[in-house]
Amino acid sequence: MDLSDIAARLGLSGSKPLIRKAEELRRLANAKFDSSIIGVGEVCKAVICLEIAASRLKVTFDRQSAVRLSGLSDKAYTRSLNGMQNCLGVKAQLDVRELGIQFGCVRLIPFVQRGLTLYKERFRTALPENRRGAVDFSRAVFTGVAFYLCAKRHKLKVDKLKMIELCGTSESEFSNISTSMNDLCFDVFGTAKEKKDPAAVKGNRELLDALPSKRKHGDGGDTSDESFESNGEEDASEGEWPLRAAKSSDF
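Residues numbered from 1 in each chain as written. Predicted model: local features only at pLDDT ≥ 70, side-chain atom pairs only at ≥ 80, totals over all residues. Heavy atoms only, no water.

With that settled, consider the overall build of the chain. Looking only at helices and strands, one finds 13 helices and zero strands in the chain. Written out in order from the N terminus, the α and β elements of the chain read α-α-α-α-α-α-α-α-α-α-α-α-α. (Helix = DSSP H or I, 4+ residues; strand = E, 2+ residues; numbered from the N terminus.)

To continue, consider the pattern of salt bridges. One pass over the structure, following the stated rule, counts seven salt bridges. In this structure, the salt-bridge partner of Glu24 is Lys21, at a minimum N-O distance of 3.6 Å. Pair noted here: Glu24 and Lys21 are both in helix H2 (residues 16–32), with a separation of three residues, about one helical turn. In this structure Lys21 comes out as partly exposed when scored by relative accessible area, which is 26%. (Salt bridge = Lys/Arg side-chain N within 4 Å of Asp/Glu carboxyl O. Buried < 20%, exposed > 50% of the residue type's maximum accessible area, 1.4 Å probe, protein only.)

A few words now on helix H8 (residues 140–153). Along its 14 residues, H8 runs 20 Å from first to last C-alpha, staying within 8% of the 20 Å computed at 1.5 Å per residue. For H8, the tally of buried residues reaches twelve of 14 residues, placing the bulk of the element in the interior. Listing the buried residues of H8 in full gives Ala140, Val141, Phe142, Thr143, Gly144, Val145, Ala146, Phe147, Tyr148, Leu149, Cys150 and Ala151. Once H8 ends, the next one or two residues include Lys155, with phi positive near 60°. (Expected span 1.5 Å × (residues − 1).)

All right, on to the packing of aromatic side chains then. Using the criterion set out here, one finds seven aromatic pairs in the structure. A ring pair is formed by Phe103 and Phe147, whose centres lie 6.0 Å apart and whose planes are at 40°; its orientation type is tilted. Here the residue Phe103 occupies a position in the loop between helix H6 (96–102) and helix H7 (109–125), and Phe147 occupies one in helix H8, the gap between them amounting to 44 residues. The class of Phe147 is buried, set by a relative accessible area of 0%. Between Phe137 and Phe142, the ring centres sit 5.3 Å apart and the planes meet at 75°, which makes this aromatic pair edge-to-face. Neither Phe137 nor Phe142 differs from the other in exposure class; each is buried. Grouped by ring-pair contacts, the aromatic residues Tyr119, Phe123, Phe137 and Phe142 constitute a single cluster. (Phe/Tyr/Trp six-rings, centres within 6.5 Å; stacked < 30°, edge-to-face > 60°.)

For the rest of this paragraph, the subject is helix H10 (residues 171–184). Compared with the 20 Å implied by 1.5 Å per residue over 14 residues, the 20 Å span of H10 between its first and last C-alpha is a close match. Those residues of H10 that fall on the buried side of the exposure criterion are Glu173, Phe174, Asn176, Ile177, Ser178, Ser180, Met181, Asp183 and Leu184.

Below, the discussion takes up the nonpolar core. Phe147, Met163 and Met181 are the most contacted members of the largest nonpolar core, which totals 38 residues. Elements supplying a minimum of two residues to this core: H6, H7, H8, helix H9 (160–167), H10 and helix H11 (186–189). With ten residues, the top contributor of residues to this core is H8. Every residue in contact with Phe147, bar those within four places of it in the chain, is listed here: Val96, Leu99, Gly100, Phe103, Cys105, Leu108, Val112, Val158 and Met163. With 30 residues, the next largest nonpolar core counts Phe33, Ala53, Phe61 and Leu69 among its residues. (Core = buried A, V, L, I, M, F, W, Y, C linked by side-chain atoms within 4.5 Å. Contact = heavy atoms within 4.5 Å.)

Structure (structure tokens):
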């Protein structure tokens with residue numbers, strides 16, 4: 001099936017730049033790897049290329065229609081999408097508004113946006129001044145965690161495993177960033193009875209101590225991230241873990 005025909009069935013026929021971008025991605029995919037190895041057929045590959053292109057160009061994309069057209073289950077489609085993004089060297093991206101529509105939680109959008117803004121500000125404040133400009137919050141996992149925690153706070157049901165798959169990350173990384181957001185922005189994301197004062201967690205030592213001493217490779221997430229380590233000593237590396245947590249991986 002021609003890519004333009006698939007775009008038309010997804011209501012995207014009017015976006016010529018999107019179709020051109022999807023065609024470019026499909027050519028790149030064909031040149032770099034055999035998609036059948038990761039269980040992606042030609043129609044599914046075209047659909048996924050359209051979704052990635054829509055994400056790059058900030059065009060609204062109907063995920064449910066795409067899943068039906070691909071012939072895969074929702075979970076299998078998400079895995080195939082993550083696999084294609086990895087092979088193409090493309091970072092997963094999540095849009096708060098699209099998540100609100102997908103999970104039926106549109107009223108959460110302003111809470112998530114406000115929470116992310118506060119988290120970024122407080123996160124950077126915890127870093128040495130000369131490192132603050134290098135922090136990268138563009139990874140999908142930050143948006144996904146913020147949305148999940150806001151839903152939990154407002155007692156709305158969001159499938160955590162599905163969100164982790166959409167983020168293209170691992171459960172351990174999702175959990176680590178959840179801990180970080182709860183500690184630094186309890187007023188927006190927290191649900192526990194006792195609130196922690198971010199100012200009292202000097203240099204985020206409590207959070208650092210709570211993180212795993214070693215990230216395991218091959219756990220289904222991003223294997224290029226550096227390990228989170230805590231040796232309980234005041235040394236020169238203190239304050240650098242937030243930078244490692246927020247750095248973009250080699251997607």
